[in-house]
Amino acid sequence: MDLYSRLHGRFLFDDRRKQAKVLVCLLAGYKRELWPFVLPRLENALLDVDVCVVSPGLWLDELAELCRRQEWSYLRTTTNDVSLAQNICYRLHENASMIVKIDEDMFLLPNTISALLEDYQNIKMQGVVDPGIVAPMIPLNGFCYRYLLEMLGRLEEFEALFGTARLATAGLPIHSNPSAARWIWEATAPLSATAARLAVSESRRLLCPIQFSIGMIAFERSFWQEIGYLPVYRHRLLVGNSTLGGDEAYMCARGVETARPVVVTTAALAGHFSFGPQYPVLRELLNVRPELFAE
């Protein structure tokens, strides 16, 4: 019964499925001011895939119309539960053996999706590790940032300003200090230039020993099934508690338990706009220096 409840709920679905082997699931609906920046980048990065835009707990005519024009599917769940919304999306796209999940505040490059999927298959083929999740390098991320700053030769500069670049899931300047977030964006923009610098170095695969921020990840449908789908927190919602982050904590923990860890590949790059308290400062930076977010 619990597994059934994880997969079923009330929803509205504009169905434009192509039965592709790859599904791109975009969680969107709450940061519409970023859409002019992130959605064109997503369009430029797409392959021959199924795209489903998912809005947990709301229906937006603007998104529905965009999906109609782009021939993407659009899914709205009645319950504002990110895990349930994803589960329903993945269940509906039963032909997709690979899933790329993206949040609406992720800035992609034209090759981000293709490079991520390609390196996922390379990692699987080499057989040293069986990944649960493969993610791109993300500058504003509590795991990626130290390695990226090392590769760019900017680590000492960052640490002189903000202290030791510790690897952690929370409690760091990179998560809570808007100045640190702005510094990271300015140091790694434009993303295309950073990607070009990474491309001339030997590609690295980094095993992540901490909970990873899953703004953009690729995983196999079989992994989602193996971990019993994503947990649904209806009881939390009933008493007014947030369920944000539950999917992230669960996927990372179950990946460790099943020996299918998070792997970050330097072959792909994506930008994360901000963490919660940093948003106003980054939004101002976007207005003042849009070129930092343009390519």
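Just so it is clear, the model here is predicted, and its values are computed rather than measured.

So, on to the side chain of glutamine 278. With respect to the secondary-structure elements, glutamine 278 resides in the loop between strand E10 (262-272) and helix H14 (279-288). Residue class for glutamine 278 comes out buried when judged on its relative accessible area of 0%. A distance of 2.6 Å separates a polar side-chain atom of glutamine 278 from the backbone oxygen of isoleucine 174. Once residues within four sequence positions are removed from consideration, glutamine 278 is found in contact with Leu140, Pro173, Ile174, His175, Ser176, Asn177, Pro178 and Ala181.

This next bit is on helix H2 (residues 35-45). Three- or four-residue spacings in an α-helix give side chains the same orientation, since the helix completes a turn every 3.6 residues. Restricting attention to buried positions, one finds in H2 the residues Trp35, Val38, Leu39, Arg41, Leu42 and Ala45. The arc that holds the buried residues of H2, viewed along the axis, is 160°, so those residues lie on one side. Of the residues in H2, the exposed ones pointing more than 90 degrees away from the buried face are Pro36 and Asn44. For H2, the secondary structure elements touched by its buried residues are strand E2 (22-27), helix H3 (61-70), strand E5 (98-103), strand E6 (106-108), helix H5 (112-126) and helix H10 (191-199).

A few words on the nonpolar core. Within the largest apolar cluster, 111 residues are counted, with the highest numbers of intra-cluster contacts made by Ile102 and Phe212. Of the residues forming this core, the biggest block, 7 residues, is contributed by helix H4 (residues 82-92). For phenylalanine 212, the residues in contact, after removing those within four places along its chain, are Ala135, Pro136, Ile138, Asn141, Phe143, Cys144, Glu248, Cys252, Val262 and Val264.

Turning our eyes to something else, we now look at the layout of surface pockets. By volume, the second largest pocket amounts to about 170 Å³. Listing elements by their share of the lining of the second largest pocket, those giving two or more residues are H10 and E10.

Right, let's talk about unusual backbone geometry for a bit. Look at the link from alanine 189 to proline 190: it is a cis peptide, with omega at -5°. As for its placement among the helices and strands, proline 190 is situated in the loop between helix H9 (178-188) and H10. Phi at glutamate 71 is positive, roughly 60°, even though this residue is not glycine. Relative to the elements of secondary structure, glutamate 71 occurs in the loop between H3 and strand E4 (73-77).

All right, on to the pattern of salt bridges then. Scanning the model with the defined rule gives 20 salt bridges in all. The partner of arginine 17 in a salt bridge is aspartate 15, and the shortest N-O contact between them spans 2.6 Å. Under the relative-accessibility criterion, arginine 17 is labelled partly exposed at 30%. Residue class for aspartate 15 comes out partly exposed when judged on its relative accessible area of 40%. For the salt bridge of arginine 260 with glutamate 226, the shortest nitrogen-to-oxygen distance reads 3.0 Å. With a gap of 34 residues between them, arginine 260 in the loop between helix H13 (246-257) and E10 and glutamate 226 in helix H11 (residues 221-226) connect regions that are remote in the sequence. Classification of arginine 260 as buried rests on a relative accessible area of 6%. Linked by salt bridges that have partners in common, Lys124, Asp130, Glu220, Glu226 and Arg260 make up one network.

Once that is clear, we can look at the packing of H2 against H3. Across the interface, H2 lies against H3 with an axial gap of 13 Å and an inter-helix angle of 25°. Judged by the inter-axis angle, H2 sits roughly parallel to H3. Note that H2 runs across H3; the crossing there is right-handed. Across from Trp35, Leu39 and Glu43 in H2, the residues of H3 making contact are Glu62, Leu63, Leu66 and Gln70.

This paragraph deals with the packing of helix H6 (residues 144-152) against H10. Across the interface, H6 lies against H10 with an axial gap of 10 Å and an inter-helix angle of 75°. Classified by the angle their axes make, H6 and H10 are roughly perpendicular. Across the interface between the two elements, Leu148, Met151 and Leu152 of H6 pack against Thr194, Arg197 and Leu198 of H10. Tallied by class, the residues present in the contact of H6 with H10 amount to 4 nonpolar, 1 polar and 1 charged.

Attention shifts here to H10. Buried residues of H10: Leu191, Thr194 and Leu198, and no others. Along the axis of H10, the buried positions cluster into a sector of 65°, meaning they face one direction only. Check the buried side of H10 and you find it contacts H2, E6, H6, H9 and E10.

About the criteria used
Residues numbered from 1 in each chain as written. Predicted model: local features only at pLDDT ≥ 70, side-chain atom pairs only at ≥ 80, totals over all residues. Heavy atoms only, no water. Helix = DSSP H or I, 4+ residues; strand = E, 2+ residues; numbered from the N terminus. Buried < 20%, exposed > 50% of the residue type's maximum accessible area, 1.4 Å probe, protein only. Polar contact = N/O pair within 3.5 Å; in protein donor to acceptor, adjacent residues only side chain to side chain. Contact = heavy atoms within 4.5 Å. Arc of directions from axis to C-beta. Core = buried A, V, L, I, M, F, W, Y, C linked by side-chain atoms within 4.5 Å. 1 Å grid on protein atoms, 1.4 Å probe; cavity = no way out; pocket = protein on both sides within 12 Å on 5 of 7 lines; lining within 4 Å. Points joined across faces, edges and corners; volume = space filled by probe spheres on them. Salt bridge = Lys/Arg side-chain N within 4 Å of Asp/Glu carboxyl O. Axes fitted to C-alpha atoms, helices over the stretch in contact; angles between N-to-C directions. Parallel < 35°, antiparallel > 145°, perpendicular 65-115°, else oblique. Left-handed = near helix turned anticlockwise from the far one by under 90°. Nonpolar A, V, L, I, M, F, W, Y, C, P; charged D, E, K, R; others polar.

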